[in-house]
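Here are the chains, one letter per residue:
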Amino acid sequence: MVSDNNRENTNFMSSQKSSFNLKDEIAKYLKKWYWFVISVSIFGTLAYLHIRYTIPQYNVSGTILISQEESVSKSELAAFKDLGLLDNTNNKIENEIQIIKSRTLISNVINNLKLNVQYFTKGRILEIENYPKSLVEINFLSDDSIVHTKSKSFRVLINSNTAFSFVDVDGKNISDHSFGKTINTTVGDIVITPSVEDIASHKGKIIHIKISPVRYLTQSYRNKLLVISKGKGSSIVTLSLNDPVKEKAKDIINNLVEEYNKATIENKKQASARTAGFINERLDLIAGDLSEVDDEAAGYKSKFGLTNDVEAQTQRVADIDSRNVQEINRLETQLRKIESTRRFILSQDGKFDLLPSTLGFDDPSISSTVARYNGLISQRKRLLKSSSEQNPVIVNIDEEINSLRQGLIASLNGVRNSINIGLNSLRTQDKYFSGKLYNAPIRQKELTAIGREQGIKEQLYLYLLQKREEAEITSHVTVSNARVIDKATTLGSYPVSPNKKMIFLAAIFFGFALPFLTIYLFDLFNTKVNSREDLEKTLSMPILGAIPKTKTKKSKIIISRNSRSSIAEAFRILRTNLGFLMAGTNKESGKVIFVTSTISGEGKTLVSSNLAKTLAISGKKVAYLGTDFRDPKFHNFFELSKGKDTPGFTNFIMNSDIKPEDVVYKQGENDPLFVVPSGAIPPNPAELLMNDRVKEMFDYLELNYDYIVVDTAPVSLVTDTLLIGHYADLSIYIVRENYSDKRILQVPENFYREKRLPNMAVLLNAAGDKVGYGYGYGYGAKD
């Protein structure tokens, strides 16, 4: 059951939201047309006053090209970058922009142009700044460091060529002074002098001199100054400034560019000086290191007997050693030959064999002796062929052969000794040169290391000499970073602020937007029933009409026979409409009209009581029955004998001895109304309404009265009304404008669709002032 109710609520609310009508929406705003007129008028007036009393601002801009080239040959930092001491990255445009907007540069501009002192004269409405020249000039005798921190205002009234006065804001004289005389003030001693020759022609004029602290002005201009790059990767920068005085803005931008160039040049000169100093220190250090390396190389060569060309020297030693080895091999061969010959000769004792003639000895005496020896051996062999060994000739030859043999052995021994001496000498030399060749790579390596260090030191020394010259040249030939493309100039003759067109457009926009938004939000968050249209959009039951909002006391009968008010006419129309709605009732008399509502406070009792009175004025006999046992309000509308405690319907139900006519009270002599009050408040109202005596009361009233108007309890709070609903011939459901919630309209809609109350119709109570005769009978039913 709960889910069904939720589904019904959702469908009900969605049907409300979906019923969008553009014409109705436009009409909703047109009804409040005067809101838009008032709002636009107010915003238009505010816009006019803002423009009239706002100091106009003019835009001044200039364009510069910031050089980003860092050539190795031209940059004063090139030496550091080549040495790897600095990052070799070009300056970023963003960094240069921050430098241009730095406090240091802007404060320098303020000091150069003396912007901390401003001169104003009175215009028609606002004060106008006199720049670059005023009628008078203030000169400070104190140090700038003191003046730049002060804030002071003077108003100088020109009296004559020689005299002036200090006045206050209202023009009252404070003190008199003379031009050119020293004046002691809170900002120190000052001297005011005229800036024009004929100062007397300006007699009576007041010049407002305003002195501001430099640091505050610096921050102010930093906030106002706009420095932007033309595009990503572009070195072109635009400087823009808004100021009331065009000439001052031009001077600020131009002077700022000059200060930026001065700062960059000075920075480059300082960097060059630091570079030169650093290079000189390095040159002194490297010169000492280079001298130590030269001494080390000379000592090493002297120690090991090396020449400048170690490789050639080593090659010569290798050649000498090779020749020694060859000579040793040759002498050893000679020595072996001598030893072989000597053994052969010693083995010839008693033998007479020929010696080899091709032994190749270097000593010619040995060769000649061998030749003589072989000749004698040959002669002896020939003689022995014809004689014997005892032949004296053969004996003499043998003696001579033995003598030659002894002499040859002695010669061979001498040559062998001589060869051994030479061979030992060569072997000694061979050891010396072999050692030389073995240590040559080590000497070469060590000498190469010394030479490499010597070369590095020498190269670095020459490099630093070159860079020192470059740094010296750079320090004397320094160019600025910025090149002016466009000098500072105004973009137009009209001020950029205040922008009249945009301000008036904004005023019109907000003039329409504010009431529109107010109405929209009010409508968005307003869930109350605001008009008859809300009922027509939501409910499918007939709409009886609307009762205008009464300005009199609520708790009274406001209808009389002679009343011609709009509310009286509304009730007469309601009386007429009742006839149409009850046309299908077969009763000639005793017609029962229920008046109910969703919640308390919707005017149910007010409408029902005045409706009963309206029927009574028409000549009908009308009974007014109160069935709201829980919160009765009868005593507020009628003059009852005991007020709230007057016996009524509940007393009749509970006491069977009481007859219906005992609780019926006549109200008024003319057009009387017969009232049955609710009676005492019972603890069980629902059970009482289910009693049989309720039917007895209704039967009595239907029999004796033309109309019975019943003031019932609210249907959403209790079930009392539904318990007796079958007695009704017509059920009037009250909805109060700007009180009843739209969301609870589903309650009467459900009752109507489910026919839980017979012949239902809705009535709008407390409608707006425009409700009157135009609101008549209408159903407004929806399919």
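A short tour of the structure in this document, coming up. (Residues numbered from 1 in each chain as written. Predicted model: local features only at pLDDT ≥ 70, side-chain atom pairs only at ≥ 80, totals over all residues. Heavy atoms only, no water.)

A word on the overall build of the protein
For the protein, the count of helices and strands is 22 helices and 21 strands. Put simply, the protein has 783 residues, and 41% of those count as buried. Put simply, 78% of the contacts in the protein that link residues at least 6 apart link residues at least 24 apart. About 43,100 Å² of surface is accessible on the protein, with carbon and sulfur atoms providing 53% of the total. (Helix = DSSP H or I, 4+ residues; strand = E, 2+ residues; numbered from the N terminus. Buried < 20%, exposed > 50% of the residue type's maximum accessible area, 1.4 Å probe, protein only. Contact = heavy atoms within 4.5 Å. Areas by Shrake-Rupley, 256 points an atom, 1.4 Å probe, with all protein chains shown as cover.)

Details of the nonpolar core
Among the nonpolar cores identified, the biggest contains 36 residues, and Ile 593 and Ile 732 are the most heavily contacted of them. If sequence neighbours within four positions are ignored, Ile 732 has contacts with Leu 544, Leu 578, Ile 593, Phe 594, Val 595, Thr 596, Leu 611, Ala 761 and Leu 763. Core analysis: the next-biggest nonpolar cluster, separate from the first, contains 29 residues, Ile 66, Tyr 221, Val 237 and Tyr 260 among them. (Core = buried A, V, L, I, M, F, W, Y, C linked by side-chain atoms within 4.5 Å.)

Regarding a negative patch on the surface
Taken together, the side chains of Glu 292, Asp 294, Asp 295, Glu 296, Glu 453 and Glu 458 present a region of like negative charge at the surface. Only α9 (246-304) and α12 (392-476) provide two or more residues apiece to the negative patch. Broken down by element, the negative patch gets its largest block of residues, 4 residues, from α9. Within the element layout of this structure, Glu 292 appears in helix α9. Classification of Glu 292 as exposed rests on a relative accessible area of 54%. (Patch = residues over 30% accessible without salt bridge, like charges linked within 9 Å, V, L, I, M, F, W, Y side chains within 5 Å. Salt bridge = Lys/Arg side-chain N within 4 Å of Asp/Glu carboxyl O. Lys, Arg positive; Asp, Glu negative; His and termini not counted. Charge placed at Lys NZ, Arg CZ, Asp CG, Glu CD.)

Points about the sheet that holds strand β15 (residues 591-597)
One open sheet accounts for 8 strands, arranged β14-β21-β20-β15-β19-β16-β18-β17; its pairing is mixed. Edge positions in the open sheet fall to β14 (543-548) and β17 (665-667), since each of these has one partner strand only. Put simply, the sheet's adjacent strands are angled 25° from each other on average, direction ignored. Sheet topology note: the β17/strand β18 (residues 673-676) ladder contains 3 bridges and is antiparallel. Along β18, the bridge assignment pairs Tyr 665 with Val 675. (Pairing = 2+ DSSP bridges. Axes fitted to C-alpha atoms, helices over the stretch in contact; angles between N-to-C directions.)

What to know about the packing of helix α6 (residues 103-113) against helix α8 (residues 214-224)
The interhelical angle for the contact between α6 and α8, taken along N-to-C directions, is 115°, at an axis separation of 9 Å. In terms of axis orientation, α6 runs roughly perpendicular to α8. In the packing of α6 onto α8, the handedness of the crossing is right-handed. In this structure, α6 contributes Arg 103, Ile 106, Ser 107, Ile 110 and Asn 111 to the contact, and α8 contributes Val 214, Leu 217, Thr 218, Gln 219, Tyr 221 and Arg 222. (Parallel < 35°, antiparallel > 145°, perpendicular 65-115°, else oblique. Left-handed = near helix turned anticlockwise from the far one by under 90°.)

Points about the sheet that holds strand β8 (residues 182-185)
If you walk across this open sheet you meet the 3 strands as β4-β9-β8, and the pairing is antiparallel. Only two strands of the sheet have a single partner each, and these edge strands are β4 (136-140) and β8. Direction aside, the axes of adjacent strands within the sheet are offset by 35° on average. Relative to strand β9 (residues 188-194), β8 is paired through 4 bridges, and the arrangement is antiparallel.

Description of unusual backbone geometry
Between Tyr 131 and the following residue, Pro 132, the backbone shows a cis peptide bond with an omega angle of 5°. Along the polypeptide, Pro 132 turns up in the loop between β3 (127-129) and β4. Omega for the peptide link from Ser 497 to Pro 498 comes to 0°, which places this bond in the cis form. Tracing the backbone through its elements, the reader meets Pro 498 in the loop between β13 (482-490) and α13 (500-525). The backbone phi angle of Lys 114 is positive, close to 55°, even though this residue is not glycine. Relative to the helices and strands, Lys 114 is located in the loop between α6 and β2 (117-122). Not every positive phi belongs to a glycine, and Asn 759 is a case in point at roughly 50°. Its location among the elements puts Asn 759 in the loop between α22 (746-754) and β21 (760-767).

Observations regarding helix α20 (residues 692-704)
With 13 residues, α20 should cover 18 Å at 1.5 Å per step; its first-to-last C-alpha distance of 19 Å lies within 8% of that length. Taken residue by residue, α20 has Arg 693, Val 694, Met 697, Phe 698 and Leu 701 as its buried positions. Along α20, the residues classed as buried sweep out an arc of 145° about the axis, all on the same side. Exposed residues lying more than 90 degrees from the buried face of α20 are Asp 692 and Leu 703. Where α20 is buried, its residues contact β15, β16 (622-626), α18 (649-654), β18, α19 (685-689) and β19 (707-711). Between a side-chain oxygen at the N-terminus of α20 and the backbone nitrogen of Arg 693 the separation is 2.9 Å; the capping residue is Asn 691. (Expected span 1.5 Å × (residues − 1). Arc of directions from axis to C-beta. Polar contact = N/O pair within 3.5 Å; in protein donor to acceptor, adjacent residues only side chain to side chain.)

The analysis is restricted to geometry; functional conclusions fall outside its scope.
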